[in-house]
Each structure stands twice: as structure tokens, then as C-alpha cells.
Amino acid sequence: MKDAAPQTIHLKDYAPFPWIVDRVDLTFRLSPTTTRVLARVAYRPNPEAGDGPFFLHGEDLRLISAAIDGTPVAPRITPEGLTCDVPDRAFLWEAEVEIAPESNTALEGLYMSGGIYSTQCEAEGFRKITYYPDRPDVMAPFRVRIESAAPVLLSNGNQTGRGDGWAEWDDPWPKPAYLFALVAGDLVAVRDRFVTRAGREVDLAIWVRPGDEGKCDWALTSLKASMTWDEETYGREYDLDIFNIVAVDDFNAGAMENKGLNIFNSALVLASPETATDRDYERIEAVIAHEYFHNWTGNRVTCRDWFQLCLKEGLTVFRDQQFTSDMRSAPVKRIEDALMMRSRQFREDGGPLAHPVRPEEFVEINNFYTTTVYDKGAEVVSMLKRLIGDNAWRAGCDLYFERHDGQAVTIEDWLRAFADVTGRDLSQFQRWYSQAGTPRLSVTEAWDGETLRLTFVQVTPPTPGQPDKGPQVIPLTMGLLHPDGSELMPSTTIEVTEATQTVDFDGAALCAKQGKPVARPVPSLLRDFSAPVILDRPLTTEDRAFLLAHDTDPFNRWEAGRGLAREVLMARATGTDFDDAAYLDGLRAVLSDPALDPAFKALVLALPSEDDLAQSLFDAGTTPDPAAIHDAAEIQRRRTAEALGDLLAETHAANATPGRYCPDADQAGRRGLANATLSLLSRTDDGARAAAQFAEADNMTQSLAALSALLNIGRGAEELSTFEARWSGDRLVMDKWFALQVMCAAPDKAADVARGLTEHPAFTWKTPNRFRAVIGSLAGNAAGFHHASGAAYTLFADWVLKLDPINPQTAARMSTAFETWRRYDPARQERIRDTIRRIRDTPGLSRDTGEMVERMLG
Ligand code: 0A1
Ligand code: ZN
């Protein structure tokens, strides 16, 4: 258990470590219960740092011996580390500690997963391996010797020796301890080769459990594509002779970019058409790329301290988004990213857990691996690129790499590279890193027959600890359309920098230039989701229908359709009559347009999520009723199916089986569209098509979509059993089986379904993936989670509390399901508040979960 009175760490207190580490030599004698770690570390005084104690982090370690230059020393040990008197010159520190990987259920440091030794050191896990300055600004080359009878022994860098029961590794690139990794066990490799642009031959290997070799092709293909893309797009090449990826079943996050030895949650490596969905394939491609891209953005240039986390994460997410756009469809990717921002990041930014992209304080850094740091961090990078243009972007990146290779740097260093190549003052832009909250940008229009005047007012609401905000630099990409549907002004980016700002457009001249009669232009604003803001703009149903039909920007076309769906659902969820004719006409037009990408059509067909609608209602000043929202969405699905039946059936038939399975964007888009129509059609055909698809499916995408369509209409019991019988031996597929039942359960049954599944013999709750599949999915079923009985709140909290002592990191993350509690009616608020308090008041609660519940209670 962590310390009782948790300390808050502040950005302003940063001070460099008073010693420099020249080299680290580690020897591991592996044993599940008594692993010995010998560390030999060369320190010398840091001339650029002030005085300070020689403090090494260390947690849950048993110190066997310590020596300086060969002479034994007796350090003072605390629960957080040790201090020791050291000479005022270079010296060699030697220490031997004992750890027990088998009993490490927190999955931080060295632990065991299914008999395999594995590590997770980001952010502060290395201190559970040995005593060391476990902070990212201490960078050093590492040599590692592993002694074990396990057949495969891996660490960072290049292998320099291998014998019976031992292996040696040398990583020449200085790195912080959080990038250290070690893997040992009975693994098999699927291998390939990559030749870099400079001619370096790199051995690629994906290490998996025996039996999983057949599921690595996609990960390897994605890795090679990422390596090529980073050379072509950013001029970045790989810098070691080996690149290893290991898949493990027990992992708190998605994957980890350890130098030369990426470790992945097996869900993000293993794929075959029979076991993985199109969505899984896309995620594997993106995460493989993300971890690979970290080699430059994160590893070669790293963060000075954990407050700068967005420096590597925002940038690397941005890079993986660019990669996916290039590999697949850019407009579809942009819509998906905007959906993610709005559903997860805006929710965080508008609630008690809001924090800046670069936070200024934390209790537990693991709690700051958030959608704000990652996804809003990526949006900030994207805005920077949009503001300075593609050439300056590339020049700024080149300068950043050249200046800071081998360094641990800050957001100021990052921005300085771009200020230097453009001559721009980026100080106002920097507010995106320091101000929390989602800016609301309201727009009003005035037309005098000649000039169109847009008036922008930006306001960022108060967030915890930040009552007042200054205006931010908002790149607003926009176009103007003629009322006849043609384009008057193509996409242009204007910069909104003032709290109130007006921009004039000579509408008459624009019309004349196109040879059109003068008419009031129709603006299309925030094209391509050019900034992570909420646009408040009074649009009529006719305006939206017009934009859905004519906008030349695919994002805004989709946005207009989304707006139509939203107004129908919000009205229905609040008991107001609303005509859905414009929405249905819009859908009909989109579905029958042969020029549109099927993946785009699928996105237009999807309704906003129930949680998204709850947020929209709340933002509009209405208390959301989760049950009414659920009913409104269900009614609409049935109405859509009734109104568009033939067209949906045709679309399904034309797209469901696009040929021999291939996970590419084209086929995935077609299946995605077919499955979106299937879900609607099952509302009127009583699941007949879905049952047939389930029976015939030869791939997981079709099979799971059919099963989901059946469960959503309260059927599918037989299919669930068939599925379980077929896949009970496959952990990843069974995660889907567990999750789907909870996600698709009717609101009044969700808690019972989840409870029932926790009693299933395969509910191995200590494995994060399985825990998330059942308990996490309960929070994903909005109407079920917020059912008025409060049963789901209780069950959820019981499980968070059960997980907390063994895996605080995952428990803390789960607890954020309650972050939206202030949206709801007094009865729900009281229930959730009591539940959060019950968690808070539990004796021995971890620092991780403790911090989260305190922040949620505010
Ligand atoms: N840096 C990894 C994600 C990661 C972060 C923290 C972890 O444990 C606390 C594990 C992985 C990435 O961005 O992919
Ligand atoms: Zn990352």
C-alpha cells in the first residue's frame, strides 16, 4: 500500500538531479519469488544542478547490499527510496536487491503474466526494480545481463551475448529508466527484416506465446508500414539492429514504447480474420505505429519531467493520426478523432477531472495518462501545424530533433523550435497547454446585402483551480457556400485570437467572381474540426439539411447530419414533438449517393452516443434522463428502419461480403456500412438477417456485429452459447463475448448481466482486459449504468474496491466512470456522490484511486 498522506508534486518545484549517470549495468537473476537485481551505476556530480541529497527512488525492494567504489555503505531507507552519503566526485554505485515478480499484481515494475516475466516502467515503475533516480531527465546507456533458464531472454538495444541460461544486451542510446524493459519466458518469434533508408538492416520480431504465431502478420505489416512512413514523412529512421515487440496478456494500458523492445497488450498485436474485427485491425495498425513513432518522439527526445507528458504523447498521437489518415481515409479518420474528442475529452474537460494539457500538479502521475494529455495534446499539435503551414511544420520538427536529440525537454523547448523557424510569437498559443476547459466559440452572422459579418465570442468556462481564462488562438477553418449549393470560398483558416472578434467577407464580390447572383453566403465553420472547441451556432433544420447536401468539406457534411440526428433525439428525449423528415431525407440522400465512401455513410448513419446526448442536453441547460435518451434512440432506430427499409436492405446486401477477407479501409468501410444497416434492419425483421449473418459469418467482424444486433433487440441467447462454445479457448475473443453482453443489455438488466458474468468461471478479474470487458463495459452502457435503481453504481464501486488493493492503476482509471455525476438529477447525484464517498472512505484505499475520488468530489 502506498503512503497514507499523499504528497502533491508541483511543476514549479522542478530541479535537476544533482548527479549525472554515465552508465547503468544491470544483472537480473530471475526467479518468480526471489529475483535478484544487481545494479552498477556510474554517477558524477552534475555541474548544472544545485546541491541536494543523493536520493534514489525505490519501492517494495529488499536491499541485500550496497557499496560505493567497492566499499559497503549503509543507506537510510524509507518507503519511497534511500539516501546515502556519497563523495563529491565521480563514483560507482553498486546495489543488490531482491524482488518478487510473481506477487506483483499491480503490473508495474517486473511482473509475471502467464508465466512470462515482463516489465512496465512508465511512469515510475523502475523504482520497483532497483534503487535509481527514476525520473525522465536522467538519461543513460544501459547494459543488461539476464540469467534465467527461460528460453527467450530480451532487453533493450542490441544483443551482445547469449549462452546457456544467460543473455546480454546493450542499448547505446541514453534513455530514462521508464524506457527500460525486460522480457523472459517461453515465447516464439515471427520474424521479418527491414532495411532503412540509410541501409541499416533491422531484424524485426514479434514475440508471442506458442500457438499465437499465426496471428502476427498484421502487426508485422503495420510495423514495416510505420517504419517506411516515418522515413518518408518526417525523415526519421530506426537506430538499432533489432526491433522487438512482445505481446502479453496482463497489461494495464495498450502498449509501451520501451527502446527497441515494445511491450503490448496482446489485444493490440494478435489478429486473424476469424478472431479480430476490422476495428481491431485498425487499432493494431495505429498502436503499432504509435509505439514505433515514439522512438523519435519520446525516446530520442524525451520529457524533462512528467508534467511534460503531452510533449511525447500529444505529438505521437498526432503522428499516428496522420499515419492512419494516410493509410486509410483522411476524412473518416478526422470524424473518428473528433468523435473521440467530444465523447471523452470534452467530457473530462467539462467535469471535475479537468486539467490542462500540461498539468501543473499531481499526486499520482499514472492518473494523468488521460484523453486530455493524449488527444487534446494531439489537437494542439494539429492546430500548430494548421497555423504555421506544412513546410514550416516540417522545418520546425527537423529543428526540434536536431536541437534536442538525446535530451529531456519541455513544452517551451518544443514551441521555441517553431517560433524560431517561423518568427511567430507563440506565447498566446501556449495557453492551449496551460488552460483547461473546452472553449465555447459562439458565432453570429449579419448580412447587409453585400458584406457578411461574422462575430466570434470565445469563452472558456472555469475548471478546477482555474476560475479565469484568457482568449486562446483558435484556428478556424471555414468556407462559404452560395445558396444554390456551389462553393463561393474554399477552405480558409482564420485566426480567432480575441475574446470578441469580427471578420468581414465581401459576399457580393465572391458571388460576382463566380458569376452568381448576389445572395447571402452560407458559412461552413470549423471545417475539418480545426480546433477542439464547442461551436455555438444557431442553425435551423434547413441550414443543416443544406450543409449535409452541399458542404464540400466532408467533416462538416457529416457534422450537419449529426446535428439533424441530435436535434431529433434531444427533442424526443425531453418529450418534445419533432419532425424527423429532414433527418430521414438526409440519410436517404447520403445512402443513395454512389460517390460517397461507405465508411463515411456508416458514420452518418450512426446516432450520437447516449452519453454524448446526455452531455449535449446538459450543455443546453437540461438535466439529462438516461432512460429517456435510451428510449429516444431506440425509437429513432425503429423509425429509421421503417422509413428506409428497402434502401437499408439493399445497402446491407451490397456491402456485407465484399470478397475474400482483407482488413483494408475499403473492405472495412463496406462491412462497417453493412453492419450499421444490419443493426437498424433487425429492428423491423426481428433479427432474421442478423441470425442469418451470424450463421454464415466467416470472420469476427460479421459475426460480432450480427450477435450485437441480436442482443440489442433482446434476442441472441442461442448465438451467445454457440459463440462461447466455439471460442472458450481464446482469451481475446472471450473478452468480446463478455463485453458485448454487458454493453447490449437492456437498461434494467445491465447490472444483473454484469453480476452474472462476474460469477462465470472464466471471469479472471485480475487480468485487466477481462475486468474491463465486464466492469468497464457496465459504465459503457449509459442507460444501464445510470439506471434509477442505482444497482450498477453499487456493483461497479464494489468491483473497483476489490481491484484497488491489487491493481490501483486500473482501479483508479475505472473510477472515472463517475466523473459526470453532476450532470444528473438530484436523486442520481446523491446516489453517485454516496458511492464515491464510500470508495473514498474505504480504509487502505490506494493513492491512485484516492486522488481520483477526491478530485471527483471536488
Ligand atoms: N507510453 C505508452 C502508454 C503507457 C503509459 C503508461 C503505462 O503505465 C502507466 C503504460 C503504457 C503509450 O503512450 O503508448
Ligand atoms: Zn504514447
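Residues numbered from 1 in each chain as written. Chains lettered and ligands numbered in written order. Predicted model: local features only at pLDDT ≥ 70, side-chain atom pairs only at ≥ 80, totals over all residues.

- Per an unreviewed UniProt entry, the protein chain goes by the name Aminopeptidase N and belongs to Roseisalinus antarcticus.
- Under the Catalytic activity (unreviewed entry) heading, UniProt states for the protein chain: "Release of an N-terminal amino acid, Xaa-|-Yaa- from a peptide, amide or arylamide. Xaa is preferably Ala, but may be most amino acids including Pro (slow action). When a terminal hydrophobic residue is followed by a prolyl residue, the two may be released as an intact Xaa-Pro dipeptide."
- Under the Sequence similarities (unreviewed entry) heading, UniProt states for the protein chain: "Belongs to the peptidase M1 family." (UniProt positions renumbered as here; feature names shortened; annotations may be inferred.)

### Concerning the overall build of the protein chain
Point 1. Tallying secondary structure elements over the protein chain gives 27 helices and 31 strands in all.
Point 2. Relative to the 2.2 N^0.38 estimate, which gives 29 Å for 858 residues, the radius of gyration of the protein chain is 28 Å and therefore close to what a compact globule would have.
Point 3. Judged by the C-alpha coordinates and their principal axes, the protein chain covers about 90 × 65 × 60 Å.
Point 4. Within the protein chain, the fraction of its 858 residues that count as buried is 52%.
Point 5. Considering only contacts in the protein chain between residues 6 or more positions apart, those separated by 24 or more positions represent 70%. (Helix = DSSP H or I, 4+ residues; strand = E, 2+ residues; numbered from the N terminus. Rg over C-alpha atoms; globule rule 2.2 N^0.38 Å. Buried ≥ 20, exposed ≤ 12 C-beta atoms within 10 Å, placed from the backbone. Contact = placed C-beta atoms within 7 Å.)

### Here we look at the sheet that holds strand β14 (residues 158-163)
Point 1. Ordered in space as β6-β5-β9-β3-β2-β12-β15-β14, the 8 strands form an open sheet in which the pairing is mixed. Of all strands in the sheet, those with a lone pairing partner are β6 (71-72) and β14, marking the two edges.
Point 2. Pairing between strand β2 (residues 19-29) and strand β3 (residues 35-45): 10 bridges, direction antiparallel. Paired with Leu-26 across the two strands is Ala-39, which belongs to β3. (Pairing = 2+ DSSP bridges.)

### Some points on the UniProt feature "domain: Peptidase M1 alanyl aminopeptidase C-terminal" (unreviewed entry) in the protein chain
Point 1. The positions that UniProt labels "domain: Peptidase M1 alanyl aminopeptidase C-terminal" (unreviewed entry) are, in the present scheme, residues 542-857.
Point 2. In the segment residues 542-857, helix accounts for 72% and strand for 0%; the C-alpha atoms at its two ends are 43 Å apart.

### Considerations on the UniProt feature "domain: Aminopeptidase N-like N-terminal" (unreviewed entry) in the protein chain
Point 1. Taking the UniProt record as the reference, the feature "domain: Aminopeptidase N-like N-terminal" (unreviewed entry) is found at residues 104-179.
Point 2. The distance separating the terminal C-alpha atoms of residues 104-179 is 19 Å; by composition the span is 0% helix and 50% strand.

### Examining the site of ligand 1
Point 1. Around ligand 1, a shell composed of 14 residues is seen, among which Glu-122, Ala-253, Met-256, Asn-366 and Tyr-369 lie nearest.
Point 2. The set of elements that each furnish at least two residues to the shell around ligand 1 consists of β20 (255-256) and α2 (278-293). (Near = placed C-beta within 6 Å.)

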